[in-house]
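In case you want the letters, here they are:
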Amino acid sequence: QSISQRRDFSALRPFMEGSQGDAYLDRVFREAVREQIEIEIYVPLRGVVSRLLVNGWRHDDMEIQFKMNELRRRSQSKFRIPSDKESPSGWTSVSSVLNEGVGMSTLPCAKLRAIVDSAKEISRVYAEEQISGHETESKDELGADDFLPIFIYSVVQAEMERPCALCK
């Protein structure tokens, strides 16, 4: 839940106490200020900005939508995801985080938070599926060479409308 929509901050207290409390508190304040600035400045201008972005990137969006529709039919291996890193779930929860957070959010900070959350979801799903696959002998982390194809696959599967206009 975004900071501006919170009314009860008691859940944050454990994070603010201890050795990392100041760093966490600083991060919370920075996020709150960023979000409030976006609410005060970006939201009133959103209609104009959105119209310019949608019109300015219309042809690029049409082209990328065509390409993404074609790529959506491809398997994980076609994205060069190693077979031992492929997800039985098809990374659907990651695609959902991207679709809901990037595709349906208004504020740029919410879109950025969704991208970060999707990266965390990739790690979570990978760890969960690795444990359920009983691969206890090799508890390796995802490296960038494994992460990036998974992320690209998830973006393609997210079915976001106007991806170019959303991310500019």
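Residues numbered from 1 in each chain as written. Predicted model: local features only at pLDDT ≥ 70, side-chain atom pairs only at ≥ 80, totals over all residues. Heavy atoms only, no water.

Participant: Any chance you could explain the overall build of the protein chain here in plain terms?
Facilitator: Per the secondary structure count, the protein chain includes 7 helices and 0 strands. Helices and strands in the protein chain line up, N terminus first, as α-α-α-α-α-α-α. Counting every position in the protein chain, which comprises 168 residues, the buried fraction comes to 30%. Within the protein chain, counting contacts between residues at least 6 apart in sequence, those at least 24 apart form 74% of the total. By element, 55% of the accessible surface of the protein chain is carried by carbon and sulfur atoms, the whole surface being about 11,300 Å². (Helix = DSSP H or I, 4+ residues; strand = E, 2+ residues; numbered from the N terminus. Buried < 20%, exposed > 50% of the residue type's maximum accessible area, 1.4 Å probe, protein only. Contact = heavy atoms within 4.5 Å. Areas by Shrake-Rupley, 256 points an atom, 1.4 Å probe, with all protein chains shown as cover.)

Participant: Please clarify how the packing of aromatic side chains should be interpreted in this entry.
Facilitator: Under the counting rule described, the total for this entry stands at 2 aromatic pairs. Ring centres of phenylalanine 79 and tyrosine 153 lie 5.1 Å apart, and the angle between their planes is 85°; this geometry places the pair in the edge-to-face category. Placement of phenylalanine 79 in the loop between α3 (58-72) and α4 (92-103) and of tyrosine 153 in helix α6 (residues 144-157) is noted, with a sequence separation of 74 residues between them. The pair phenylalanine 79 / tyrosine 153 is uniform in exposure class, with both members buried. (Phe/Tyr/Trp six-rings, centres within 6.5 Å; stacked < 30°, edge-to-face > 60°.)

Participant: Before we go on, may I ask you to explain helix α5 (residues 108-132) in this structure?
Facilitator: Every α-helix winds through 3.6 residues per turn, so residues three or four apart in the chain are directed the same way. Look at α5: 36 Å from first C-alpha to last across 25 residues, which is about the 36 Å you get at 1.5 Å a residue. For α5, every residue scored as buried is listed here: Cys109, Ala110, Lys111, Ala114, Ser118, Glu121, Ile122, Val125, Tyr126, Glu129 and Gln130. (Expected span 1.5 Å × (residues − 1).)

Participant: It is not clear to me how the environment of aspartate 145 should be interpreted in this structure. Could you clarify?
Facilitator: With respect to the secondary-structure elements, aspartate 145 resides in helix α6. For aspartate 145, a relative accessible area of 70% puts it in the exposed group.

Participant: Help me out: how do you make sense of the environment of tyrosine 153 in this one?
Facilitator: Under the relative-accessibility criterion, tyrosine 153 is labelled buried at 9%. Apart from residues lying up to four places away in sequence, tyrosine 153 is in contact with Arg74, Ser75, Gln76, Phe79, Ile81, Gly90 and Trp91.

Participant: Hey, could you run me through the nonpolar core in this one?
Facilitator: As a rule of thumb, soluble globular proteins bury nonpolar side chains together. In this structure, Ile81, Trp91, Leu98, Ile122 and Ile150 are the most contacted members of the largest nonpolar core, which totals 17 residues. Elements with a minimum of two residues in this core: α4, α5 and α6. Tryptophan 91 has contacts with Gln76, Ile81, Lys85, Ile122, Val125, Tyr126, Ile150, Tyr153 and Ser154, leaving out every residue within four places of it along the chain. (Core = buried A, V, L, I, M, F, W, Y, C linked by side-chain atoms within 4.5 Å.)

Participant: Looking at this structure, how should I read the pattern of salt bridges?
Facilitator: Within the structure shown, the criterion is met by 8 salt bridges. With its nearest N and O atoms 4.0 Å apart, the salt bridge here joins aspartate 146 to lysine 85. Placement of aspartate 146 in helix α6 and of lysine 85 in the loop between α3 and α4 is noted, with a sequence separation of 61 residues between them. Among the residues examined, aspartate 146 registers a relative accessible area of 17% and is labelled buried. (Salt bridge = Lys/Arg side-chain N within 4 Å of Asp/Glu carboxyl O.)

Coordinates in, geometry out; function isn't part of it.
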